[in-house]
Amino acid sequence: MSATGEALVEFDGVSVVFEGQVRALDDVTLAIRKGEIVGLVGESGSGKSTLCRILVGLTPPSSGTVNVGGLPVHRQLAQDPLAFRRRAQMLLQDAVASLSPRMTIGRALEEPIAIHKLPRGQTLEQLASILRRLGLPQDVMAKFPHQISGGQARRVGVARALLMRPEIVVADEPTAGLDVSVQGELLNLLLDLQQEFGLTYLLVSHNLNVIRRVTGRTAVMYLGQIVEAAATRDLFAAPAHPYTAALLSTNPAVDPRKRHKPIVLQGEIPSAVNPPTGCRFHTRCPVAQARCASEPPALVEIEAGRQVRCHFPFSLLKSGSDA
Amino acid sequence: MMPLVSIRQLTLEAATTRGAAHILRGIDLDIGRRRIVGVVGESGSGKSSLAACLVRLLPANLSRIDGEIVFDGTDLLGLSEAAMNAYRGTRIAMIFQDPMTALNPLFTIGTHLVDVLRRRHPGLARKVATARAIAMLRRVGIADASLRFSSYPHQLSGGMRQRVLIAMALLVEPDLLLADEPTTALDATVEAQIVALLEELRHGFAGSIVFISHQLGLVAQLCDDLCVMYGGTVVETGPVADVLGAPRHPYTRALLACELDDDAAGGHLVSIPGDVPDPVSAHVACVFAPRCPHATNACRSSVPALRDAGPGRRAACMRMEELG
Amino acid sequence: MTALASAFRILRRVCATLTGATGFGIVVLVLVAALFAPWVATADPDRLDVMNRFAAPSSAHWLGTDQLGRDLYSRLVHGATVAMGVALSAIAIALSLGTTLGIVAAYLPARFERFVLIVFDVISSFPSMVLALAIVAVFGPSTLIVVAIAAITLTPHFGRVARAQVLTLKSAPFLEAERILGASFARIVVHHVLPNILGPLVILASMDIPVVITIEAGLSFLGLGVRPPLASWGTLIQDGYQYLSDSWVPVVVSSLALAVATLGFTLFGEALRDAVDPRIRQEL
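Residues numbered from 1 in each chain as written. Chains lettered and ligands numbered in written order. Predicted model: local features only at pLDDT ≥ 70, side-chain atom pairs only at ≥ 80, totals over all residues.

Looking now at the overall build of chain A. When helices and strands are tallied, chain A shows eleven helices and twelve strands. Taken against the 2.2 N^0.38 rule, which gives 20 Å for 323 residues, the C-alpha radius of gyration of chain A at 21 Å falls within 12% of a compact globule. Along the longest, intermediate and shortest principal axes, the C-alpha atoms of chain A span 65 × 50 × 35 Å. Within chain A, the fraction of its 323 residues that count as buried is 49%. Intrachain contacts of chain A at a sequence separation of at least 6 include 65% that bridge at least 24 residues. (Helix = DSSP H or I, 4+ residues; strand = E, 2+ residues; numbered from the N terminus. Rg over C-alpha atoms; globule rule 2.2 N^0.38 Å. Buried ≥ 20, exposed ≤ 12 C-beta atoms within 10 Å, placed from the backbone. Contact = placed C-beta atoms within 7 Å.)

All right, on to the overall build of chain B then. Broken down by element type, chain B carries twelve helices and twelve strands. In terms of overall dimensions, chain B has C-alpha extents of about 65 × 50 × 45 Å along its principal axes. Taking all 324 residues of chain B together, the buried fraction comes to 48%. Sequence-distant contacts in chain B: of pairs separated by 6 or more residues, those separated by 24 or more amount to 65%.

Next up on the list: the interface of chain A and chain B. Counting residues at the interface gives 34 residues for chain A, matched by 32 residues for chain B. Sorting the residues of the side of chain A that touches chain B by element identifies α7 (180–197), α8 (208–214), α9 (232–237) and α10 (242–249) of chain A as the ones contributing at least two each. For the side of chain A that touches chain B, the element with the most residues is α7(A), which contributes eight residues. Class assignment for the residues of the side of chain A that touches chain B results in 14 nonpolar, eleven polar and nine charged. (Nonpolar A, V, L, I, M, F, W, Y, C, P; charged D, E, K, R; others polar.)

Of all two pairs of chains in contact, the one with the most contacts involves chains A and B. You won't find any contact between chain B and chain C; their C-alpha atoms come no closer than 10 Å.

Glancing now at the environment of C:Asn52. Residue and element names in this part refer to chain C. When you line up the elements, Asn 52 lands in the loop between α3 (37–40) and α4 (72–107). Residues Asn 52 and Ser 220, 168 residues apart in the sequence, show an inter-C-alpha distance of 25 Å. Those residues in contact with Asn 52 that lie beyond four places of it in its chain are Thr 65 and Gly 69.

What follows is about the pairing of strand β8 (residues 208–213) of chain B. Two faces belong to every sheet, and in a regular strand the side chains alternate between them. Residue and element names in this part refer to chain B. Within β8, six of the six residues are buried, which leaves it mostly tucked inside the rest of the structure. Neither face of β8 is exposed, since Ser 208, Val 210 and Ile 212 on one face and Ile 209, Phe 211 and Ser 213 on the opposite face are all buried. In terms of strand pairing, strand β3 (residues 36–40) meets β8 through five bridges, oriented parallel. The residue of β8 that forms the bridge with Gly 38 is Phe 211. Pairing of strand β7 (residues 176–180) with β8 involves five bridges; the strand directions are parallel. Across the sheet, residue Leu 178 finds its bridge partner in β8, namely Val 210. On the question of chirality, the crossover connecting β7 to the parallel β8 by way of helix α7 (residues 188–201) is right-handed. (Pairing = 2+ DSSP bridges. Right-handed = clockwise from strand over helix to strand, strands pointing away.)

Bringing the confidence of the model for chain B into the picture now. Residues with a pLDDT of 70 or more make up 97% of chain B, whose mean pLDDT is 90. Under the prediction, the complex receives an ipTM of 0.86, its pTM being 0.83. (pLDDT = per-residue confidence, 0-100.)

Looking now at the sheet that holds β7(B). Think of a sheet as strands paired side by side through backbone hydrogen bonds, with each pair either parallel or antiparallel. All names here are of chain B. In spatial order, the strands read β6-β7-β8-β3-β9-β10-β12-β11; together these eight strands make up an open sheet with mixed pairing. One side of each edge strand has no neighbouring strand; the edge strands of this open sheet are β6 (92–95) and β11 (307–310). Along the sheet, successive strands turn relative to each other by an average axial angle of 25°, direction set aside. The strands touched by helix α6 (residues 158–171) within the sheet are β6 and β7, with β6 carrying the most contacts at an inclination of about 175°. (Axes fitted to C-alpha atoms, helices over the stretch in contact; angles between N-to-C directions.)

It is worth spelling out the interface of chain C and chain A at this point. Opposite the 16 residues of chain C that make contact, chain A presents 20 residues. At the level of elements, α8 (173–181) and α9 (185–221) of chain C are the ones that each hand at least two residues to the side of chain C that touches chain A. For the side of chain C that touches chain A, the leading source of residues is α8(C), giving eight residues. The residue inventory of the side of chain C that touches chain A, partitioned by class, reads eight nonpolar, four polar and four charged.

On to the environment of A:Thr250, then. Inspection of the secondary structure assignment puts A:Thr250 in the loop between α10 and α11 (290–294). With 13 residues separating them in the primary sequence, A:Thr250 and A:Ile263 have C-alpha atoms 6.9 Å apart. Discounting chain neighbours no more than four positions away, the residues touching A:Thr250 are A:Pro262, B:Ala188, B:Thr189, B:Glu191 and B:Ala192.

Looking now at unusual backbone geometry. Residues and elements named next belong to chain B. Even without being a glycine, Gln 9 presents a positive backbone phi close to 50°. Within the secondary structure, Gln 9 sits in strand β1 (residues 5–16). We note that Glu 181 has phi near 50°; this positive angle belongs to a residue other than glycine. Here Glu 181 shows up in the loop between β7 and α7.

Residues and elements named next belong to chain C. Contact geometry of α4 with α9 gives a least axis separation of 8 Å together with a crossing angle of 145°. Once α4 is placed against α9, the crossing between them reads as right-handed. In this structure, α4 contributes Ala 83, Val 86, Ala 87, Ala 90, Ile 91, Leu 95, Thr 99 and Ile 103 to the contact, and α9 contributes Val 189, Val 193, Leu 201, Ala 205, Asp 208, Ile 209, Val 212, Ile 213 and Glu 216. (Left-handed = near helix turned anticlockwise from the far one by under 90°.)

Here it is as structure tokens:
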């Protein structure tokens, strides 16, 4: 699972504005190295879904560039769209709904063959072995999406994506809707597949336990910006940005010894149409100062491998006390 | 002290195209007075159906309901619909999961609250009701309470709407408050706010709360007692710290192992192999046996009784003593 | 579950109710008469026998004869062929045209979409009889004209429903999933959009059949549609009405035929719609 030095995906100053009003993404700069599993964390309005869509070419950025394998996504889509699609795949959040309702699973799995004109015999053999690998029974092929479970639907999505031998897979809430007792199984699968197929993942999850266990690096987003990006272990051990600290503290631990007073933020998540001036988080930040309301902080590398967008990083400890 | 609610052998079956689905299989549960009981379970556990039974809002395809729900001396299941309805909104209140759809978009927040008040206190003067409603909105942490009183649901955020639902439930001053996954639909930081609010409010609340959730951590934080459900049965009950600290049932243990999973990134994650039981299958063995690492033939051939597992604790496992 | 198996399932559900079964029965009757007219009829519908005009019903002429001695029963049967022929072709045209326009409208940029919708609105708000008169005035009456008029009148109906269906579907995750897989727009429309919107459209089509039957009958009654000596229920009613003083039989039986056929298709269409209720559609 070690990542090589080269960046497979590079977001550089990416901004997305919808309808001229909603600033879904603002100046996002992020690199994903080959072989990494990067976690993306954020609440509603953070822009994490938009970032995923940009990566797989569903939405074009309003400004900034996004490169996959060194080449801009929009150019790849213009020159050889099918090749790009084979390169970057996505597992949608609602696995059952991502399957065409009137198509059997079998037909749905053959879509890549038809679309990319893959060699039929060979690919079907690969498909059979992938299905075995994923633990999907043969009889699932004749069923319709509404007849299979969420977990099975998710695995069907994975099988379909793998058929094209992608380099990067965006997993949008892969464990959403799955019971705790079966989440581990799916995640283990994703980890194994990563080794086997040499995949790179961008994993979006609101489940901090999943992020902590599975990802190597994590980026935290708030209101369209990346507010912190660091190695997952470092992030969880000592969050630099007050929002990260608050977010991590909301995860109540079952073990009472590990439980600490959660940091409860005031107010609601502001609207993306009219974000707060200065630091976007200052309206809810427990340790905000005067400077925060007027001067927007830039995303700065404060230590090796750690970037924070904050004038006063490490001023809020995850225990809730000020530093 | 006698529990507020005593559920005995509650059985619920629904008719499906494949046969009768056993949603609840003989549930035994006590809800103590002024206690917060957390009910946890995964999909198919029946926890939401349990709540539906307590307030008797049952599915249309119901084919069988048996057992008793003794609420302060009266069996709710034996009541006529009219008599049962007299309990709703007066002695029993419920907070639903999805704040987006639980409020009528055509009415203002104020109308919702005043309606609740006037059901509870018939004949209450409008001015008095309005004042109490606004006071309650403040109590649940809504700034600009008078302004929000005249707002419509779509003008409020998810977190605020959930606060309104809590306000409505509290205005009922119920003996029993049911909260069905009240924070699941909310963002993490908003959820933290609601949880903090609930922690604060419970001290002033005179009734019992049943808090349904799939999040063990949340239940560990908020609740006094814990009830773990699996496949339509109760597998373990007891004070929350005891159950989570020293679980007696293999399912509880396995579930905790999945949640706690504290290893550093790199190793494989813990999960329970297999799938949740099919509700259509008959109840002749321990529901967890197919996935239990300690299952024996005895487990697979008879239903374990929910029996004593320590002070105030019960567990439904035949091998609980051996497994320690 | 194959398409055929689900079709049988739906049919069974349709016939489970009295109204549905009645409707289905009438539909089958009319279709058989329409398709096998030369065998179902007892005589040549155009054979004149003026000596035998307004004959009472007898074994030779089950419903008697009309003002020119033609066998009324046989003319009614051939009238079914006309009715079905016009209805099915008009609806086929309106369905294809309307669906295509509807899908196109749903994907067009706002300006063009508005234009398509305005065209729909204009056609819908135009009184169909006036439209019919105008077209007939230019092209003269004929069966083809009736088909054209009915098709034009119904196209906006299908178009709007198709567009609404596509709009609902546009945000569906599976369409995005297909885009991510690399499916072209054409593939998405043909393989994923169309199959999912066709259901309601087909039901709409079946419920519009009685509408077209009535349009055709009405136009033919006014002499604006089918030209004699071709037997259409409309012309039969017109003839019967003209010679009412001679015999009440022709106008009554031809009106009955029209009424029963229309009723039958309406009942069937509604039963079909109920049978494919989304709640039940789960099982399909």
